[in-house]
Amino acid sequence: MESFLIAVNAVVPFILYMAYGYLFRHLGYGDDVFYKRLNALVFRAFFPLLMFNNLYTANLDFQSNARLVGFFLILLLSIILMTTILVPRFLKDPRRIPVMNQSVWRSNTLMFAYPLAVTMYGDEAGALASIIIASMVPVYNVVAVCLFTYYSHDQNTHVNIKKLVRDIITNPLIVGALVGALFKFLGIHLPGAVEKPITAFASMTTPVAIFILGATLELPEIKKNLPYIFSALSLKLIIVPAIVIAVAYTFGLRKQELFLCFILYATPVANAAYAMAENMGGDGELQGQILAFSSVLSIVTLFFWIMGAHQVGLF
C-alpha cells in the first residue's frame, strides 16, 4: 500500500500540471502557434539545463557496481535493438515510428522509479537506483535523438551521414548532457551564484513542459490514436516488464536488484519524450497521449505488479 501511495503521489502533480495547462488553454490564453513556440523554447532553453544539472549534481560510483550497471545497460540496449527492428515492420509513418519505439523503453525514472526503490528497500536501494539511472538516462536521450533525427529525414532519399551526426551532437539535450558530464568528470565546480539559477531553471522544466502538454492535449483526437495508445501501453506497462523480470531472474537477480530492474521498465513514459517528439518531427500529439495515459494507468498496474510479485516472493 505504501508503494501504491508513492505512485499516486508521483502522478498527482503530473495530472495537476496538465490540467492547469488544459484549463488555461480553454479559457482562451494562447493558441496553437503560441504553445508550439513555447514548447520549442522549453526544449532548447530549459531541457539543456535540466540535463546539465542532472549529471553535474549526480553522486556517481560506477566502479563498485560495474557488473550490475553493465547488465542493466546490456538489457536496455537489447530492448532498444528489438524495438528498432520490429516497430518499423508494423508502422510505416516515420513520425510515429520513433514515438512508439521510445514509448516502450524510455521511463520516468526520477519521479517514479527512484522513490519506489527507496520505499521498498530503503536508502541503500535509492543510492543504487541513482547510479543505474545516471547510466541509463544518457542512453535514453542519445538513442531517442538518433531515432527522431533519422526518421525526420526523407526515407526515400540518401541519408546525409554528416548532417545526421551533426544534428545529433547539436541536439539541446545532448549538448546539455555532454557539458554536464564534462564538468562532473573534470571536477569543475560552478560558483553558488551560478548553480542556483541553473538549479531553478532545471526545476521549472518538468512543470512547464507538462503544462504545455495539457494545453495542447486534444481529447477528441484520442479516438483515432486508440490502437497505437493501447499497443504502446500494453508493451510499456505489462509485456516488457514481464519479459524483463523473467530475464533478470534467469540471470540471478533477486529481491532488491530484481525490483530495480522491474521499475525501470514498468514506470510511465518519461516526461521529456513529449517535448522531443514535438520538436524533432515526431507525432507529438500521439506521444503526449501515450505519456498522459501511461502516467495515470501505471498507478493501477504498478500496484498489482508489486502486490503479485511480493505474494510469490520475487520482491
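Residues numbered from 1 in each chain as written. Predicted model: local features only at pLDDT ≥ 70, side-chain atom pairs only at ≥ 80, totals over all residues. Heavy atoms only, no water.

*Asks:* Describe in detail the side chain of Asn-108, supporting the description with residues and values.
*Replies:* Tracing the backbone shows Asn-108 in the loop between helix H4 (97-105) and helix H5 (109-121). Of the polar contacts made by the side chain of Asn-108, one reaches the side chain of Asn-271; its length is 3.4 Å. Leave out the neighbours within four places in its chain, and Asn-108 touches Ala-113, Thr-267, Pro-268, Val-269, Ala-270 and Asn-271. (Helix = DSSP H or I, 4+ residues; strand = E, 2+ residues; numbered from the N terminus. Polar contact = N/O pair within 3.5 Å; in protein donor to acceptor, adjacent residues only side chain to side chain. Contact = heavy atoms within 4.5 Å.)

*Asks:* With reference to specific residues and values, describe the packing of aromatic side chains.
*Replies:* A complete count under the given rule lists 20 aromatic pairs for this structure. Linked through ring pairs, Tyr-121, Phe-259, Phe-262, Trp-305 and Phe-315 together constitute an aromatic cluster. We note Arg-254 situated over the ring of Tyr-249; from NZ or CZ to the ring centre the distance is 3.6 Å. (Phe/Tyr/Trp six-rings, centres within 6.5 Å; stacked < 30°, edge-to-face > 60°. Lys NZ or Arg CZ within 6 Å of the ring centre and 35° of its normal.)

*Asks:* Tell me what's going on with the packing of helix H2 (residues 32-56) against helix H12 (residues 272-279), and back it up with residues and numbers.
*Replies:* Axis separation between H2 and H12 bottoms out at 10 Å; the angle between their running directions is 115°. Taken as a pair, H2 and H12 cross one another with a handedness that is left-handed. Of H12, the residues touching H2 (which contributes Lys-36, Asn-39, Ala-40, Phe-43 and Phe-47) are Ala-272, Tyr-274, Ala-275, Met-276, Glu-278 and Asn-279. Of the residues assigned to the contact of H2 with H12, the class counts are seven nonpolar, two polar and two charged. (Axes fitted to C-alpha atoms, helices over the stretch in contact; angles between N-to-C directions. Left-handed = near helix turned anticlockwise from the far one by under 90°. Nonpolar A, V, L, I, M, F, W, Y, C, P; charged D, E, K, R; others polar.)

*Asks:* Can you explain the nonpolar core? Please cite residues and give values.
*Replies:* Core analysis: the biggest nonpolar cluster contains 91 residues, and Phe-47, Phe-72, Trp-105, Ile-132, Phe-262, Tyr-265 and Ile-290 have the highest contact counts within it. No other element matches the 15 residues that helix H6 (residues 123-152) contributes to this core. Aside from chain neighbours lying at most four places away, what touches Tyr-265 is Phe-72, Leu-75, Leu-76, Ile-79, Trp-105, Ser-107, Met-136, Lys-236, Val-240, Pro-241 and Val-244. By size, the runner-up hydrophobic cluster in this structure holds five residues, among which are Phe-52, Tyr-56, Leu-190 and Ile-198. (Core = buried A, V, L, I, M, F, W, Y, C linked by side-chain atoms within 4.5 Å. Buried < 20%, exposed > 50% of the residue type's maximum accessible area, 1.4 Å probe, protein only.)

*Asks:* Any chance you could break down the pattern of salt bridges for me, citing the residues and the numbers?
*Replies:* Once the charged atoms of two side chains with opposite charge are near each other, the side chains can pair. Scanning the entire structure with this criterion turns up four salt bridges. Measuring nitrogen to oxygen at the nearest pair gives 2.9 Å for the salt bridge that ties Arg-25 to Asp-32. Between Arg-96 and Asp-283 there is a salt bridge; the shortest N-O distance is 3.0 Å. Highlighted residues: Arg-96 in the loop between helix H3 (66-90) and H4 and Asp-283 in the loop between H12 and helix H13 (284-311), separated in sequence by 187 residues. For Arg-96, a relative accessible area of 14% gives the class buried. (Salt bridge = Lys/Arg side-chain N within 4 Å of Asp/Glu carboxyl O.)

*Asks:* Can you lay out the packing of helix H10 (residues 222-250) against helix H11 (residues 255-266) for me, pointing to particular residues and giving the numbers?
*Replies:* The geometry of H10 relative to H11 is characterised by a closest axis approach of 8 Å and an angle of 155° between their N-to-C directions. With respect to their mutual orientation, H10 and H11 come out roughly antiparallel. Where H10 crosses over H11, the handedness of that crossing is right-handed. Residues Lys-236, Leu-237, Val-240, Pro-241, Val-244, Ile-245, Ala-248 and Tyr-249 of H10 lie in contact with H11, whose contacting residues are Leu-258, Cys-261, Phe-262, Tyr-265 and Ala-266. Residues that form the contact of H10 with H11 fall into these classes: 12 nonpolar, no polar and one charged. (Parallel < 35°, antiparallel > 145°, perpendicular 65-115°, else oblique.)

*Asks:* Explain the environment of Ile-132 to me, using residue names and the numbers behind them.
*Replies:* The topology assignment puts Ile-132 in helix H6. Apart from residues lying up to four places away in sequence, Ile-132 is in contact with Leu-68, Val-69, Phe-72, Leu-260 and Leu-264.

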